Every structure is written in structure tokens, then in C-alpha cells.
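Report on the structure
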Amino acid sequence: MDEKFHSLLERAEGHASAWIETIAERPVRATRSSDELRQLLGGPLAQQALDPEIVTATLANAALGGTVASTGPRFFGFVVGGRLPAALAADWLVSTWDQNACVYAQSPLVSVIEQITGSWLLEIAGLSPGMSFGFVTGCQMASFTGLAAARHRVLRRAGWDVEANGLCGAPPIEVVVSEEAHYTIFMALRLLGIGTAQVRRIPTDDQGRMRADELGKFLHARKNGPCIVCAQAGNVNTGAFDPLAAIAEQTRAAGAWLHVDGAFGLWAAAAPARAHLLAGSELADSWATDAHKWLNVPYDCGLAFVRDPHALQAAMAITAEYLPTQTEQRNPSDFTPELSRRARGVEVWAALRSLGRAGLADMIGRNCVQARRFAEKLRAGGCEILNDVVLNQVLVAFGDAEKTKRVIQAIQDDGTCWAGITVWQGRTAMRISVSSWATTEADVDQSVAAMLRAARA
Ligand SMILES: *Cc1c(COP(=O)(O)O)cnc(C)c1O
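**Observations concerning the site of the ligand**
- Every one of the 13 residues lining the ligand counts as a neighbour, but Gln140, Asp261, Asp290, His292 and Lys293 are closest to it.
- Within the backbone of Gln140, an N or O atom sits 2.8 Å from an oxygen atom of the ligand.
- With respect to the ligand, the side chain of His292 contributes an N or O atom lying 2.9 Å from an oxygen atom.
- When the ligand is considered free in solution it has 390 Å² of accessible area, and contact with the protein chains removes 83% of it.

Spelled out as C-alpha cells, the structure:
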């Protein structure tokens, strides 16, 4: 490596450290406007080259005010999570190696790490060790992947080869979701050519859980034929879990495929005090989850798990169905929609290895306790908590819709912390998602103080 390259990397490390060191003090929200950012970074692309050190310094400068401190300890919007130190360091190495996580021959390390990490995750999640898995960009693509396997299997049973013949002329697939299904399920169904208009929506209860009795009624009344049921572990508003055991039982009896969206909820399995929420989870046919949310690895990283390895490979492997599912070495692209891609399994390995089982249980459990702390302190401060706080989600109303909106805006402007807005069963509310390794009790208390200040103003 020549001296200039060496110095460039040292500078980049310095910029990164400076960004990290000030994160807890900077306002959580961005402080530069889009116009300011365009001024710093835009204009026509120049003809001449620019010294990489200046390029990097320009980016670092823009990032100080142009980024949101969502990896800091007091960002509670959207269930984003931060990034663990070991995961960030691994991310730097991954970019340095620039491996293509496509086939074994392009990176034995990546193939083996994905195999190890996937097995660890199956064990943590309490899923069958024989399940297949793929590392994708996020939970939406994980649902796409799981549902592609589902589409293969339910149509195959009906005598249709969807990979060869597509959906024109295929037996119709009935898809069943709850009224609280995440919109990414609908996106996945659109991409799979199934569409959304015919999807059957099962009513939910006051916490947003699918009503298993209503599902049972529906499945009992329907005629045989291809059917996929999508359940949810972790409602984005309340954190509630669909009753998976009852849903799985009914789905199996109906000969349907059960897919579960557990973007952040699957991680409850890692914390002994929350694992009961996932009872029955091992009966599902496919799972979608995120690592970039609650596992706190950098974007972008999600996982699909599929019980039927043949169905996943039939849907995803380029070399198609006639390949044995157990090739000697794992070709990562046999399990994902992408061919060439980033070696994102490496960060997951690093996160898990640095935490250990105990550290992971502690991180998940701690965030749940912090969510309760938010709820108790805000309730004591006169705010209304709209959900049963079973996981890491808290819904807060500060009065009517107008007042609640005003208070949320004031909290965001203040910059001590950040939480977003939602509407839950007709009530406008602030949504607090606690999902960062970096959040401490003191951060919760500091944030509660800022929230109550805004509520009283
Ligand atoms: C975040 C989320 C998704 C989508 O995940 P991405 O990683 O953004 O694709 C899906 N379902 C639930 C419940 C989520 O919280």
C-alpha cells in the first residue's frame, strides 16, 4: 500500500471516530437542510479528478449535520437499532475485502461464515436446525424470499411449476394476512406477481394480534387449494405477537403454508423473559427477520428462514430444481434473490460472537425493561400509554390528535431524542421503539424529561 492510500485510510478512520465521539451530544435530528447539503456536495460533476482525502473530508463534513444520529443512544423512531462496535469493525473489513457473496469459489470465508451464523441464529430463534436460510438486504426481501419458496411449494402441490411457467394460467393462490400485516408483506406479494387485491384480511384484537378463532373459521370454510397464511411476531406499533401456536395448528390442518414476519420480534427468542411470546414459532414454514434492527448490525441485513430447503432453492437457485439441495459447499446465492452481493453475514457473525448468548439476551432484555421504564415514567407524568408494553414498543398520547402532534414536533425540534408519529386504532400517538445496544437507563430518563417538558409547554 503506498503512503497516500495509507494516509487516506487513517483520515477516514479519524472522520469516523469524530462522528462517533460527538454522537451523544449532537442533536439527534439532522441539522443541515437539503439545500445546504446540495450546496456542499452537488453541482455538475467536474471533469477533473479530486484528491480522495478531500473527497472523504467533504463527505465527513456534510455528514456531521446531514445525518440523523440513529445509531446514538436516544433514537427511538422506526425500530432501527444502532450498530455494535464489533459489527462496525467487521463492516469495515467486509468493505476492505470486497468479497462477492455469490458462490463458494469467490469466497470460502463468506460461505462458511454464513453457514455458521445461520445455524447459530436457528438455535437462538428456537427453529429447527435443518431450516435453510439466506442473507438478504432486510425484512421486506426476507418476506419476498420466504414467500417465493411458499409460492413454489403450494403451486407444486397443485401440480404447477411456477418457476417454469409463471403465474399465467396457474391455480390461484389464496393469501391470508391479518388486518395489521406490515405493508412490506403486500410489497412482497406484488413483486411475486400474486398482487394484493385478493388478499384475505383476518380481524385483529385490541393489541393488533390476529384472531386465531377468525382464522380458523375462514380456513375451515374454504375449499382446498394453494394457500399461504402470513402471521406476525412483533406489531410495529404495539410490539404484540400473533398467537403463533394456534395459527400454526390451524394452518397445518388446512394444508397451508405459514410465513411469519418477525422483523424485530423474532429476537424476543433470545431473551428468556420474552421467549414465551414466540410459543409455536417452530411450526412455521418460513420466517423473515432483520439483523439491522435489533441485532444492531449496520444496514443492510435481513434473513429468510425456510423449513423446506428444496422449496427455497427451487425458488432462488439459478441452477434450478434438479440440483441436490445438499451440495458439498454452500453457495450463498442459492438462497437469495441476488447473485452478486455484499458479504453481510460477516457482520452478523461478529455481532453474535462479540455478544455471546448472554450478551444478546441481555441486550434484548434490557431494551424491553427500558420500554417499560418509558411507559411507567410517562404515565406517572400524566401521559396516556395506549398499548400493553410486552416488548420494546410504547405508544404515547399527550391528549387529542392536535396536542399529540404538537408535542411530538416539539420533541423532535428539541433534539434530545427522536420518536415518530403513528395512528393506533384511531388515536394519534407517539411511537417509542427501544432497540439500541447503546441506550442506557440515563438516556431513557433524559428522554422522558425532554418529552414531559414538551408536553407541558
Ligand atoms: C421494519 C419491518 C419490516 C421491513 O423491514 P425492512 O428491513 O425495512 O425491509 C417488516 N415487518 C416489520 C414488522 C417491520 O418492523
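**Some details on helix H14 (residues 441-456)**
- Along its 16 residues, H14 runs 22 Å from first to last C-alpha, staying within 8% of the 22 Å computed at 1.5 Å per residue.
- Regarding H14, the residues found buried are Asp443, Val444, Ser447, Val448, Ala450, Met451, Leu452, Ala454 and Ala455.
- Where H14 is buried, its residues touch helix H12 (345-380), helix H13 (401-414) and strand E11 (427-433).

**Examining the sheet that holds strand E8 (residues 384-385)**
- On the basis of which strands lie adjacent, the open sheet formed by 4 strands has the order E8-E9-E11-E10 and antiparallel pairing. Either end of the sheet is taken by a strand with one partner, and the two such strands are E8 and strand E10 (420-424).
- Docked against the sheet, H12 engages E8, strand E9 (393-397) and E11, running at close to 15° with respect to E9.

**Thoughts on the pattern of salt bridges**
- In this structure the tally under the stated criterion is 24 salt bridges.
- Between Arg341 and Glu114 there is a salt bridge, and its shortest N-O distance comes to 2.7 Å. Taken as a pair, Arg341 in the loop between helix H11 (309-316) and H12 and Glu114 in helix H5 (residues 108-125) lie far apart in primary sequence, 227 residues in all. No difference in accessibility class separates Arg341 from Glu114, as the two residues are buried.
- Here Asp300 ties to Arg344 by a salt bridge, and the two come within 3.5 Å at their closest N and O atoms.

**Concerning the pairing of E10**
- Side chains of E10 alternate between two faces, with Gly420, Thr422 and Trp424 buried and Ile421 and Val423 left unburied.
- Bridge analysis of E10 against E11 gives 5 bridges, and the strand direction is antiparallel. Residue Gly420 lies in a different strand from E11, and its bridge partner there is Arg431.

**A few points about the packing of helix H1 (residues 3-21) against helix H3 (residues 52-66)**
- At a minimum axis distance of 10 Å, the contact between H1 and H3 shows a crossing angle of 5°. What the angle tells us is that H1 and H3 run roughly parallel. Contact residues: H1 offers Lys4, Ser7, Leu8, Arg11, Ala12, His15 and Trp19, while H3 offers Pro52, Glu53, Thr56, Ala57, Ala60, Ala63 and Leu64.
- By residue class, the composition of the contact of H1 with H3 is 8 nonpolar, 3 polar and 3 charged.

**Quick word on the side chain of Asp261**
- Its place among the elements puts Asp261 in strand E5 (residues 257-261).
- An unpaired buried charge is present at Asp261: no salt bridge exists, and Lys293, the closest side chain of opposite charge, is 6.8 Å distant.
- Other than its neighbours up to four places away in sequence, Asp261 contacts Cys139, His182, Thr184, Ile185, Ala231, Gln232, Ala233 and Ala288.

**Re unusual backbone geometry**
- Residue Tyr299 is joined to Asp300 through a cis peptide bond whose omega torsion reads 0°.
- The topology assignment puts Asp300 in the loop between strand E6 (286-290) and strand E7 (302-306).
- Unusually for a residue other than glycine, Gln425 sits at a positive phi of about 45°.
- By secondary structure assignment, the location of Gln425 is in the loop between E10 and E11.

**Structural notes on the environment of Arg222**
- Along the polypeptide, Arg222 turns up in the loop between helix H9 (212-221) and strand E4 (227-232).
- Measuring from C-alpha to C-alpha, the distance between Arg222 and Ala254 comes to 8.9 Å, with 32 residues separating the pair along the chain.
- Among residues more than four places away in sequence, those in contact with Arg222 are Glu174 and Cys227.
- At 2.7 Å, the side chain of Arg222 forms a polar contact with the side chain of Glu174.

**Structural notes on the packing of H5 against H12**
- Interhelical geometry of H5 versus H12 gives an angle of 35° and a closest axis separation of 9 Å. Crossing geometry of H5 relative to H12 is assigned as left-handed. Here H5 contributes Val110, Ile113, Glu114, Ile116, Thr117, Trp120, Leu121, Glu123 and Ile124 to the contact with H12, which in turn contributes Gly345, Val346, Val348, Trp349, Leu352, Arg353, Arg357 and Leu360.

**A look at the sheet that holds E5**
- Judged by pairing direction, the sheet is mixed, and its 7 strands sit side by side in the order E1-E7-E6-E5-E4-E2-E3 without closing on themselves. Lying at the two open borders of the sheet, with one neighbouring strand each, are strand E1 (132-136) and strand E3 (200-202). Averaged over all pairs of adjacent strands, the angle between strand axes in this sheet comes to 20°, irrespective of strand direction.
- With 3 bridges connecting them, strand E2 (residues 174-178) and E4 associate as parallel partners.

**Here's the deal with the state of the cysteines**
- All told, the structure shown has 0 disulfides when counted by the stated rule.
- Looking at the unpaired Cys102, the closest cysteine sulfur is the one in Cys301, lying at 17 Å.
- Note on Cys102: relative accessible area 6%, which makes it buried.
- Sulfur of Cys139: no disulfide; nearest cysteine sulfur belongs to Cys230 and is 11 Å away.

**Here's the deal with the packing of aromatic side chains**
- Evaluation of the coordinates by the stated rule reveals 5 aromatic pairs.
- Where Phe76 meets Phe374, the ring centres are 4.9 Å apart and the plane angle is 80°; that geometry is what we call edge-to-face. Here Phe76, found in the loop between H3 and helix H4 (85-97), pairs with Phe374, found in helix H12; they are 298 residues apart in sequence, far enough to count as distant. We note that Phe76, like Phe374, is buried.
- Through successive ring pairs, a cluster of aromatic residues spans Phe75, Phe78 and Trp418.
- The cationic tip of Arg26 hangs over the ring face of Trp19; the distance from NZ or CZ to the ring centre is 4.8 Å.

Basis of the calculations
Residues numbered from 1 in each chain as written. Predicted model: local features only at pLDDT ≥ 70, side-chain atom pairs only at ≥ 80, totals over all residues. Heavy atoms only, no water. Near = heavy atom within 4 Å. Polar contact = N/O pair within 3.5 Å; in protein donor to acceptor, adjacent residues only side chain to side chain. Areas by Shrake-Rupley, 256 points an atom, 1.4 Å probe, with all protein chains shown as cover. Helix = DSSP H or I, 4+ residues; strand = E, 2+ residues; numbered from the N terminus. Expected span 1.5 Å × (residues − 1). Buried < 20%, exposed > 50% of the residue type's maximum accessible area, 1.4 Å probe, protein only. Contact = heavy atoms within 4.5 Å. Pairing = 2+ DSSP bridges. Axes fitted to C-alpha atoms, helices over the stretch in contact; angles between N-to-C directions. Salt bridge = Lys/Arg side-chain N within 4 Å of Asp/Glu carboxyl O. Parallel < 35°, antiparallel > 145°, perpendicular 65-115°, else oblique. Nonpolar A, V, L, I, M, F, W, Y, C, P; charged D, E, K, R; others polar. Lys, Arg positive; Asp, Glu negative; His and termini not counted. Left-handed = near helix turned anticlockwise from the far one by under 90°. Disulfide = S-S within 2.5 Å. Phe/Tyr/Trp six-rings, centres within 6.5 Å; stacked < 30°, edge-to-face > 60°. Lys NZ or Arg CZ within 6 Å of the ring centre and 35° of its normal.

Remember, this is a structural readout, not a statement about activity or role.
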